[in-house]
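# Observations on the three-dimensional arrangement
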Amino acid sequence: TRLRQILLNLLSNAVKFTDHGEIALKARTADSLERDTLLLSCQVSDHGIGISREELSNLFHSFQQADSSTSRKYGGTGLGLAISRQLAELMQGRLEARSKPAKGSIFTLTVPLQRSEKNENQPERPAQHGTEGLRVLVVEDNAVNQMVIGALLDTLSVEVKLASSGEEALQAISQQQDFADMILMDCEMPGLDGYQTTRLIRDLESQLGREPLPILALTAHATTEQRDSCCACGMNDHISKP
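A brief look at the structure comes next.

About the thresholds
Residues numbered from 1 in each chain as written. Predicted model: local features only at pLDDT ≥ 70, side-chain atom pairs only at ≥ 80, totals over all residues. Heavy atoms only, no water. Core = buried A, V, L, I, M, F, W, Y, C linked by side-chain atoms within 4.5 Å. Buried < 20%, exposed > 50% of the residue type's maximum accessible area, 1.4 Å probe, protein only. Helix = DSSP H or I, 4+ residues; strand = E, 2+ residues; numbered from the N terminus. Contact = heavy atoms within 4.5 Å. Patch = residues over 30% accessible without salt bridge, like charges linked within 9 Å, V, L, I, M, F, W, Y side chains within 5 Å. Areas by Shrake-Rupley, 256 points an atom, 1.4 Å probe, with all protein chains shown as cover. Salt bridge = Lys/Arg side-chain N within 4 Å of Asp/Glu carboxyl O. Pairing = 2+ DSSP bridges. Axes fitted to C-alpha atoms, helices over the stretch in contact; angles between N-to-C directions. Phe/Tyr/Trp six-rings, centres within 6.5 Å; stacked < 30°, edge-to-face > 60°. Lys NZ or Arg CZ within 6 Å of the ring centre and 35° of its normal. Expected span 1.5 Å × (residues − 1). Polar contact = N/O pair within 3.5 Å; in protein donor to acceptor, adjacent residues only side chain to side chain. Parallel < 35°, antiparallel > 145°, perpendicular 65-115°, else oblique. Left-handed = near helix turned anticlockwise from the far one by under 90°. Nonpolar A, V, L, I, M, F, W, Y, C, P; charged D, E, K, R; others polar.

### Details of the nonpolar core
L137, V139, I173, I183, M185 and M235 are the most contacted members of the largest nonpolar core, which has 23 residues in total. For this core, the secondary-structure elements that each account for two or more residues are β5 (135-139), α6 (166-175), β7 (182-185), α7 (194-208) and β8 (215-219). Considering every element that reaches this core, the biggest residue donor is α6, with 4 residues. For I183, the contacting residues outside a window of four places in its chain are L137, V139, I173, I201, L213, P214, I215 and L216.

### Observations regarding a nonpolar patch on the surface
On the surface, V144, M147, V148 and L152 cluster together into a nonpolar patch covering about 410 Å² of accessible area. Its place among the elements puts M147 in helix α5 (residues 143-154). A residue is classified by how much of its surface remains accessible, and M147, at 59% relative accessible area, is exposed.

### Things to note about the sheet that holds strand β9 (residues 237-240)
One open sheet accounts for 5 strands, arranged β6-β5-β7-β8-β9; its pairing is parallel. In this open sheet, the two edge strands, each paired with only one partner strand, are β6 (159-163) and β9. Neighbour-to-neighbour, the strand axes of this sheet turn through a mean angle of 25 degrees, independent of strand direction. With 4 bridges connecting them, β8 and β9 associate as parallel partners. Residue pairing across strands places L218 opposite I239, the latter belonging to β9.

### Comments concerning the packing of aromatic side chains
Given two aromatic rings, their pairing is described by the distance between the two centres and the angle made by the two planes. Taken as a whole and assessed by the stated rule, the structure comprises 1 aromatic pair. Ring geometry for F60 against F107: centres 6.4 Å apart, planes inclined by 80 degrees, an arrangement best described as edge-to-face. Taken together, the residues span a long stretch of sequence, with F60 in the loop between α2 (53-56) and α3 (68-74) and F107 in strand β4 (residues 104-114) at a distance of 47 residues. Overall, the relative accessible area of 12% leaves F60 in the buried class. The cationic tip of R85 hangs over the ring face of F60; the distance from NZ or CZ to the ring centre is 3.8 Å.

### Points about the sheet that holds strand β3 (residues 94-100)
Across the sheet, which stays open at both edges, the 4 strands sit in the order β1-β2-β4-β3 with antiparallel pairing between neighbours. Bordering the open sheet on either side are β1 (23-31) and β3, each of which pairs with just one other strand. Averaged over all neighbouring strand pairs, the angle between strand axes comes to 15 degrees, with direction disregarded. Judged from the 7 bridges that link them, β3 and β4 form a sheet pairing that is antiparallel.

### Some thoughts on α7
The terminal C-alpha atoms of α7, which comprises 15 residues, lie 21 Å apart, in line with the 21 Å expected from a rise of 1.5 Å per residue. Those residues of α7 that fall on the buried side of the exposure criterion are G194, Y195, T197, T198, I201, R202, L204 and E205. Of the surrounding elements, those touching the buried residues of α7 are α6, β7, β8 and α8 (224-232). Capping the start of α7, D193 holds a side-chain oxygen 3.1 Å from the backbone nitrogen of Y195, two or three residues further along. Backbone geometry just downstream of α7 places G209 in the positive-phi region, at approximately 70 degrees.

### Observations concerning the packing of α6 against α7
Remark: α6 packs on α7, axes separated minimally by 10 Å, with the N-to-C direction vectors making an angle of 15 degrees. Overall, the two elements α6 and α7 adopt an arrangement that is roughly parallel. You can see that α6 and α7 cross each other, and the crossing is right-handed. Across the interface between the two elements, G166, A169, L170, I173 and S174 from α6 touch T197, L200, I201 and L204 from α7.

### A few points about the packing of helix α1 (residues 2-16) against helix α4 (residues 79-90)
Their axes nearest at 10 Å, the elements α1 and α4 cross at an angle of 150 degrees. Accordingly, the angle class assigned to the pair α1 and α4 is roughly antiparallel. Classified by chirality, the crossing of α4 by α1 is left-handed. Mapping the contact onto sequence places R2, Q5, I6, N9, L10 and N13 in α1 and G80, L81, I83, S84, L87 and A88 in α4. In the contact of α1 with α4, the residues fall into 6 nonpolar, 5 polar and 1 charged.

### Here we look at unusual backbone geometry
Phi at A102 takes a positive value of approximately 65 degrees, unusual for a residue other than glycine. For S157, which is not glycine, the phi dihedral falls at a positive 60 degrees. Structurally, the position occupied by S157 is in the loop between α5 and β6. On the accessibility criterion, S157 (42% relative accessible area) is partly exposed.

Purely spatial values, then, with no claim about function.
In structure tokens form, the structure reads like this:
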């Protein structure tokens, strides 16, 4: 919480006082003299208005800005820097500044952090689900739903193939016999809906003498009647969203 408070204040100042150029936040860690302590160094740099050497000496004093005209133009009192330095010192750290007028400023926060204990108990590898390498055709017209379903299937090491319409799915299945091992079918789509697409796939399989692909409805429709409609058109099962 305190690291966030300090860094957000430094970044806020950088944005406030930089009309053009670059603002950067860099972080790194380093070993300290104590084995159980790590030094975290965070640096916020900008190409802003900069501060003179004389003004730097008063920069971290309460209610003090480098120049009174700064307050009139940019607003604020400079209290944030005083609080940020106090927070850094309470964490046994330090906050320092380097700057040149019209060249920008660099604020560096250094805080000692205690190393976490090494966890000797290695996490167990996730169990094999038996789905590794399974090719699943997701027939879904909504791009957001495609991403969500794809991410969920990725955790099962499934190879995801996408079709944004019933027509696209039908074309892919007709052109390549082993295109997919299973289909997740949305029911409501413009053009060919999921019910029509399933019927056409079943007709195609019958004509070509292919083994029927498992087709599962993946839909927000969850009533008994709608489940029955899925089975009636040739689907094997029903999964309700979400």
